[in-house]
Structure formats: structure tokens, C-alpha cells
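# Geometric and topological summary
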Amino acid sequence: MREPRAFWVDEQFDREHGTGGHGRYEAEVLRRIDEFAETWGDFAPVAFAATAWRVASELSPGFVLWHRRIISATCERSPWDGGMVCAVTWPGNSTTCWRR
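Scope of this entry: the structure provided in the associated data block. All values derive from a computational prediction rather than experimental measurement.

## Here we look at the nonpolar core
Core analysis: the largest hydrophobic core is formed by 18 residues, its most contacted members being Y25 and M84. Broken down by secondary-structure element, the contributors of at least two residues to this core are α2 (24–31), α3 (46–58), β3 (72–77) and β4 (84–90). For this core, the element with the most residues is α3, which contributes 6 residues.

## Some details on the packing of α2 against α3
Look at α2 against α3: their axes get within 10 Å of each other, and the N-to-C directions meet at 120°. By the angle class used here, α2 and α3 are oblique. Pair α2 / α3 crosses with right-handed handedness. Facing Y25, E28 and V29 of α2, the residues of α3 in contact are A52, V55 and A56. Considered class by class, the residues forming the contact of α2 with α3 number 5 nonpolar, no polar and 1 charged.

The rules behind each value
- Residues numbered from 1 in each chain as written.
- Predicted model: local features only at pLDDT ≥ 70, side-chain atom pairs only at ≥ 80, totals over all residues.
- Heavy atoms only, no water.
- Core = buried A, V, L, I, M, F, W, Y, C linked by side-chain atoms within 4.5 Å.
- Buried < 20%, exposed > 50% of the residue type's maximum accessible area, 1.4 Å probe, protein only.
- Helix = DSSP H or I, 4+ residues; strand = E, 2+ residues; numbered from the N terminus.
- Axes fitted to C-alpha atoms, helices over the stretch in contact; angles between N-to-C directions.
- Parallel < 35°, antiparallel > 145°, perpendicular 65-115°, else oblique.
- Left-handed = near helix turned anticlockwise from the far one by under 90°.
- Contact = heavy atoms within 4.5 Å.
- Nonpolar A, V, L, I, M, F, W, Y, C, P; charged D, E, K, R; others polar.

Written as C-alpha cells, this is what we have:
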């Protein structure tokens, strides 16, 4: 039996539907490279990871996919201590946040 997952990366679809030997996600990152500009000099990779998550989840269909019961999922850098803050919303549950 397959283990249930909340999130996964669909690398096969991404490669099969890319162009010029590049995956869709790679092309999207290159197209939106300016969104990563403020993350390059950061000691911690949190801002970079949050930007990468946003770009991956905004593709249609997404590069990062989630279980059909999940309504939304976001990641961002905490202004308080710079750690990663993630929020997931699913039916019957208000947004649940966790820190990493």
C-alpha cells in the first residue's frame, strides 16, 4: 500500500511538459529570477526557500502538489526571528502554522 502524503513534487510531469530540455519549474524560476534577488546574500536560506515554494506552487498545475483536501499552503520567512513559517488550511480547520 502506498504511504499517504500531504505534499509531493511532480518531477516527471514537469520534465515531460517543459521545453528546450528544461523543466517547467526551471523555466519559471529563470523567468521570475528577480523575485529571488533579495535572497542571495542572506546567511540563512529561508527567504530563498519561501520564494522557491511560492514559485513552485503557483505553476498550473503546480510543481509542488498537495493532497486534494488541502485548500492552501504557504511558506514565508518570519519577521520575528527569520525562521520558516508555514501555514496549511484544510476543511474544518483554521490555518495551522508551524515553525522550522
